[in-house]
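Residue-level structural notes
What follows is each chain in one-letter form.
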Amino acid sequence: MLTDLQTKKLTRYFQIYDIDDDGQIDEADFERIVENVRTLHGAAESSSAYDLLRAAYSTLWNGLRSSADADGDGGVDLDEWLAYWQIALEDEARYDAEVRQLTDRLLALFDLDEDGEIGAAEFIDFYGVFGIAVQLAETVFVELDADGDGVVTREELLGLSAEFFRGDDPDAPGNLLFGPFGA
Ligand SMILES: [Ca+2]
Ligand SMILES: [Ca+2]
Ligand SMILES: [Ca+2]
Ligand SMILES: [Ca+2]
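Residues numbered from 1 in each chain as written. Chains lettered and ligands numbered in written order. Predicted model: local features only at pLDDT ≥ 70, side-chain atom pairs only at ≥ 80, totals over all residues. Heavy atoms only, no water.

Here the focus is the overall build of the protein. Counting its regular elements, the protein contains eight helices and four strands. A globule of 183 residues ought to have a C-alpha radius of gyration of about 16 Å, and the protein, at 16 Å, matches this closely. Counting only C-alpha atoms and orienting by the principal axes, one finds that the protein spans roughly 45 × 45 × 30 Å. Within the span of the protein, comprising 183 residues, buried residues form 44% of the whole. (Helix = DSSP H or I, 4+ residues; strand = E, 2+ residues; numbered from the N terminus. Rg over C-alpha atoms; globule rule 2.2 N^0.38 Å. Buried < 20%, exposed > 50% of the residue type's maximum accessible area, 1.4 Å probe, protein only.)

All right, on to the nonpolar core then. Counting 51 residues, the largest nonpolar core has Leu-10, Tyr-13, Trp-81 and Phe-165 as the members making the most contacts within it. In terms of residue count, the dominant contributor to this core is helix α5 (residues 92-110) (seven residues). Split by domain, this core shows at least three residues from each of two domains, domain 1 (1-90) and domain 2 (93-168). (Core = buried A, V, L, I, M, F, W, Y, C linked by side-chain atoms within 4.5 Å. Domains from an automatic or database assignment.)

What follows is about the coordination of the calcium ion (ligand 3). Coordination of the calcium ion (ligand 3) by the protein is provided by Asp-111 (OD), Asp-113 (OD), Asp-115 (OD), Glu-117 (O), Glu-122 (OE) and Glu-122 (OE), with metal-donor distances spanning 2.2 to 2.6 Å. Every donor counted, the six donor atoms about the calcium ion (ligand 3) form angles of 53 to 157 degrees at the centre, which fits irregular coordination. Sequence spacing of the donor residues for the calcium ion (ligand 3), all on one chain, is D-x1-D-x1-D-x1-E-x4-E. Of this pair, Asp-111 sits in the loop between α5 and β3 (117-119) while Glu-122 sits in helix α6 (residues 120-129), and the two are eleven residues apart along the sequence. Of the two residues, Asp-111 and Glu-122, neither departs from the other in class, the shared state being buried. (Donors = N, O, S within 2.8 Å, 3.2 Å for Na, K, Ca; no water. Tetrahedral: all angles 85-135°; square planar, octahedral: opposite > 155°, others 65-115°.)

Many structure descriptions define interface size as the accessible area lost when the parts assemble. According to the domain assignment, the protein contains domain 1 (1-90) and domain 2 (93-168). Distance from the C-alpha centre of domain 1 to the C-alpha centre of domain 2: 17 Å. Taken together, the contacts link 24 residues of domain 1 with 18 residues of domain 2. Of the roughly 2000 Å² buried at the junction of domain 1 and domain 2 (both faces included), carbon and sulfur atoms supply 64%. When the buried area of domain 1 at its contact with domain 2 is split by residue, Lys-9, Leu-40 and Leu-89 rank highest and sum to 26% of it. Connecting domain 1 to domain 2 are zero salt bridges. When residues of the side of domain 1 that touches domain 2 are traced back to their parent elements, those giving at least two are α1 (4-17), α2 (27-41), α3 (48-68) and α4 (78-90). In terms of residues, the side of domain 1 that touches domain 2 owes the most to one element, α1, which gives eight residues. Looking at the side of domain 1 that touches domain 2 residue by residue, the classes come out as 17 nonpolar, four polar and three charged. (Contact = heavy atoms within 4.5 Å. Buried area = accessible area lost by both parts, 1.4 Å probe. Salt bridge = Lys/Arg side-chain N within 4 Å of Asp/Glu carboxyl O. Nonpolar A, V, L, I, M, F, W, Y, C, P; charged D, E, K, R; others polar.)

Structure below.
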């Protein structure tokens, strides 16, 4: 069972992906995220970097659809999303894989200066792609960078992702990875 806190965090995560805010995650949301990332990277629509990004997100979406779209209507609604995560997080191997994939994905997309870490400006970019305000990104980044050295390392990000998905401490900074969530 997902705890109350996990349900809140995963609902927040759902809202992040449901970028057009129509109550389900579908291909259109993924296309919009890809477009936002492309703009961030300043890649041309015909570039190989863009093709790679589209391919990666297409794989991600198809994987999500095949395991989470239980009623096969082409979208993943919140109930389907939570059911998907409940199963994924109870399985140790899948949980580990999800934590690693999220970390790798965030670094691949937002570590623009390729130093292997996420700096404050890169974190602001990440929130920007998902339509979250700069001010909030600045506040949250300070919380996530627990040792206060100005960057979130891959190691830190792995810990934060693990906290985000499975932690049940209401004060854990990893809860805020995708921004604050409602009560
Ligand atoms: Ca949507
Ligand atoms: Ca569905
Ligand atoms: Ca960086
Ligand atoms: Ca740090």
